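# An overview of the molecular structure
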Amino acid sequence: MATIVLYSMNRTAQNTARLCFFPYSTRASIVDSRISFFNNTSVRRLTPLPGARWVPKATGVQRSALLFAGAAAAVLGFVASASHFQRAEMATMITKTEETEISEKCKKFMSPPCTDVKVLEQKKEEMCTRMEMLIMETQAEFCRALEEVDGGMFKVDKWERKEGGGGISCVLQDGKVFEKAGVNVSVVFGNLTEEAAKQMRSRGKVLRGKDGILPFCAMGVSSVIHPKNPHIPTVHFNYRYFEIEEEDGTKQWWFGGGTDLTPTYVNKEDGAHFHNSLKEACEKHHPKYYPDFKKWCDRYFYIRHRGETRGIGGIFFDDLDSPNQEEAFSFVRSCAQTVVPCYLPIVYKHLNDPFSPEEKDWQQVRRGRYVEFNLVYDRGVKFGLATPGSRIESILMSLPLTAKWEYMHEPPKGSQEADTLEVLRNPKEWV
């Protein structure tokens, strides 16, 4: 889930912090806090100003210009006016940079990637390689940001799947801020089972295997964060790529994913910030992406047997195979790079909020609903459980340490709990 462009500017960009200010909340309690952003080559620790949030902009592989508070460094004119000789020389430099960039980036990951680095370098232009690099970068960036706020360290567990591929599970458990935080990467391949193929066909996929065999490759990054404080919401994101080889050798491919927020108590400012961040990422690519994928998210995370949504949504999409592979990948990359800035300011804002035993009980009840959705409806869980050799611990990483089911539980009318339930039963527009 990263396309390499304008490499001539990459070294400069890698060593420069690219951040912009956006007003968020005057109540944000992040004045003396620090947010850590993983910018490919180093971890930069920055102290936000009061009433502002830090939003990482384009990384060194996205843009050739540094934007800071509206000031731009003009470099495109220089590139455009280069001579043919300079361009040829630049192309040679690009090739060399590509070969070393992968190995250098891999040093900053939470673990060596699932695929051997030499193989990634040999196949650097293939989408499977670019997607694996993106999900590894996303995992490292998010884990380091969470470690910064919690003070704990993720346990890194690299595992292999005997049928093909493997993954890297990063889990922080019983921390100061997070009861359970998991950020998983998986890169698996093999032959699609009939049950998994049946699930895909039910979504309209036309799959033609040779003698019933459908070789596939699937990879993605997935995370669920369950905080201790009931005023800090749970967040989930997942970005994935799927590729299937058909009987004639052609490949079907598609992307999927999304980011969504599940608060115990709905906060209008948090909801607006979260959705605005996702909307900005979507609008870089298509004006209909946010409204369409927001509606899809509300439908997807609906707990039918309860008549309510799991949380206040975000965006969700699947089977994205248009307008072309390059643009679809670029969109997924933009979404993945929004994970830290859409969530971490909310965490810092509520970091020291007091809470009562009754509020903690309500959090446990809402976590019960989270468990119900994940085990009954979630596509990722269902696909994982239907895939031979899947790592059950990683699949069920999304479940909280604790949850609660009370018989016929209904919050008092007019209470904050009742207000939250009203929003979950009637999804609203946040931006």
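All of these numbers come straight from a predicted model, not from anything done at the bench. (Residues numbered from 1 in each chain as written. Predicted model: local features only at pLDDT ≥ 70, side-chain atom pairs only at ≥ 80, totals over all residues. Heavy atoms only, no water.)

### Concerning the packing of helix 5 (residues 127–150) against helix 10 (residues 339–349)
A pair of packed helices is characterised by two quantities: the angle between their axes and the separation of those axes. Counted only if it meets this: Axis definition: a line fitted to C-alpha atoms, limited for helices to the stretch in contact. Angles are taken between N-to-C directions and run from 0 to 180 degrees. Secondary structure elements follow DSSP: runs of H or I of four or more residues count as helices, runs of E of two or more count as strands, with numbering from the N terminus. Orientation is classified from the angle alone, with under 35 degrees giving roughly parallel, over 145 giving roughly antiparallel, 65 to 115 giving roughly perpendicular, and any other angle giving oblique. Note on contacts: a residue pair qualifies if any of its non-hydrogen atoms lie within 4.5 Å across the two residues. Amino acids outside the nonpolar list (Ala, Val, Leu, Ile, Met, Phe, Trp, Tyr, Cys, Pro) and the charged list (Asp, Glu, Lys, Arg) are all regarded as polar, and Gly is one of them.
Running from N to C, helix 5 and helix 10 cross one another at 10°; their axes reach a closest spacing of 11 Å. Taken together, helix 5 and helix 10 sit at an angle that is classed as roughly parallel. Residues Glu141, Phe142, Ala145, Leu146, Glu148 and Val149 of helix 5 pack against Val339, Val340, Tyr343, Leu344, Val347 and Tyr348 of helix 10. For the contact of helix 5 with helix 10, the per-class residue count stands at 10 nonpolar, no polar and two charged.

### Digging into unusual backbone geometry
Stated precisely, the cut-off is as follows: Exposure classes here rest on a 1.4 Å probe applied to the protein chains alone. A residue is buried below 20% of its type maximum, exposed above 50%, and partly exposed in between.
Going from Ser322 to Pro323, the amide bond is cis rather than trans, its omega being 0°. Tracing the backbone shows Pro323 in the loop between strand 15 (313–320) and helix 9 (325–336). With a phi close to 55°, Asp174 is a non-glycine residue in the positive phi region. If you trace the backbone, Asp174 turns up in the loop between strand 8 (165–173) and strand 9 (178–191). A residue is classified by how much of its surface remains accessible, and Asp174, at 55% relative accessible area, is exposed. Phi is positive for Met408, close to 55°, though the residue is something other than glycine. Its relative accessible area of 68% is what places Met408 among the exposed residues.

### Quick notes on the layout of surface pockets
The following threshold applies: Here the term cavity refers to a set of points on a 1 Å grid, laid over the protein atoms alone, in which a 1.4 Å probe fits but cannot get out; the term pocket refers to an open set having protein on both sides within 12 Å along at least five of seven lines, with lining residues being those that place an atom within 4 Å of a point. Grid points are joined across faces, edges and corners, and a volume is the space filled by probe spheres set on the points.
Size it by volume and the largest pocket reaches roughly 520 Å³. In terms of lining, the largest pocket is formed by 26 residues, of which the most central are Thr115, Cys128, Val187, Phe189 and Cys217. Residue assignment for the lining of the largest pocket shows that the elements contributing at least two residues are helix 4 (117–122), helix 5, strand 7 (155–160), strand 8, strand 9, strand 10 (215–227) and strand 11 (234–245). Looking at which element gives the most residues to the lining of the largest pocket, the answer is strand 10, with four residues. Its residues placed into classes, the lining of the largest pocket shows 12 nonpolar, five polar and nine charged.

### Things to note about the packing of aromatic side chains
In plain terms, the rule: Each Phe, Tyr or Trp ring (for Trp, its six-membered ring) is paired with any other whose centre lies within 6.5 Å, and the angle between the two planes then decides the class: stacked below 30 degrees, edge-to-face above 60, tilted in between. In this scheme, the term charge over a ring applies when either NZ of a lysine or CZ of an arginine sits within 6 Å of the ring centre and within 35 degrees of the ring normal.
As enumerated under the stated definition, the model contains 24 aromatic pairs in all. Here the aromatic rings of Phe293 and Trp296 are separated by 6.2 Å at their centres, their planes lie at 55°, and the arrangement is tilted. One end of the pair, Phe293, and the other, Trp296, are both in helix 8 (residues 289–300), three residues apart, so they sit about a helical turn from each other. Of the residues examined, Phe293 reaches a relative accessible area of 7% and is grouped as buried. Between Arg310 and the ring centre of Tyr370, over which it is positioned, the NZ or CZ distance is 4.0 Å. Over the aromatic face of Trp430 sits the side chain of Lys428, whose NZ or CZ is 4.5 Å from the ring centroid.

### What about empty space enclosed by the protein?
Think of a ball as big as a water molecule: rolled over the atoms, this probe shows where empty space is left. By volume, the largest cavity is sized at about 960 Å³. Together, 48 residues line the largest cavity, and Asn238, Arg240, Gly380, Val381 and Phe383 are the ones closest to its centre. Among the secondary structure elements, those contributing two or more residues to the lining of the largest cavity are strand 9, helix 6 (194–201), strand 10, strand 11, strand 12 (251–262), strand 15, helix 12 (379–386) and helix 13 (392–395). Per-element tally for the lining of the largest cavity: the top contributor is strand 12, with seven residues.

### Comments concerning the pattern of salt bridges
For the record, the criterion: What counts as a salt bridge is simple: a side-chain nitrogen of Lys or Arg found within 4 Å of a carboxyl oxygen of Asp or Glu.
One pass over the structure, following the stated rule, counts 21 salt bridges. Between Asp270 and Lys349 there is a salt bridge, with the nearest N and O atoms lying 3.0 Å from each other. With a gap of 79 residues between them, Asp270 in helix 7 (residues 268–283) and Lys349 in helix 10 connect regions that are remote in the sequence. Neither Asp270 nor Lys349 differs from the other in exposure class; each is buried. A salt bridge links Glu372 to Arg306; the nearest nitrogen and oxygen atoms lie 2.8 Å apart.

### Quick notes on the nonpolar core
Applied cut-off: As used in this record, nonpolar core signifies buried Ala, Val, Leu, Ile, Met, Phe, Trp, Tyr and Cys residues forming a set joined through side-chain atoms within 4.5 Å.
By size, the foremost hydrophobic cluster in this structure holds 66 residues, and its most contacted members are Phe142, Tyr239, Phe255 and Tyr343. At 13 residues, the largest contribution of residues to this core is made by helix 5. The residues contacting Tyr343, other than those within four sequence positions of it, are Phe142, Phe178, Ile225, Pro227, Ile232, Pro233, Val235 and Leu261. With 11 residues, the next largest nonpolar core counts Ala196, Phe242, Ile244 and Phe383 among its residues.

### Considerations on the confidence of the model for the protein
The predicted coordinates ought not to be read in detail in places where the model reports low pLDDT. Basically, it comes down to this: pLDDT expresses how confident the predictor is about each individual residue, on a scale running from 0 to 100.
For the protein, mean pLDDT is 80; residues scoring 70 or higher make up 73% of the total. In the predicted structure, residues 1–99 sits below a pLDDT of 50 and forms 198 contacts with residues beyond four places in sequence or in another chain.

### Re the side chain of Ser223
Stated precisely, the cut-off is as follows: Think of a polar contact as two N or O atoms within 3.5 Å of one another; within protein, one of them needs to be a possible hydrogen donor and the other a possible acceptor, and neighboring residues in sequence only count if both atoms come from side chains.
By the element assignment, Ser223 lies in strand 10. Of the residues examined, Ser223 reaches a relative accessible area of 1% and is grouped as buried. For Ser223, the side chain forms a polar contact with the main-chain oxygen of Gly182, separated by 2.8 Å. Apart from residues no more than four positions distant in its own chain, Ser223 is found in contact with Phe142, Gly182, Val183, Val235, His236, Phe237 and Met397.

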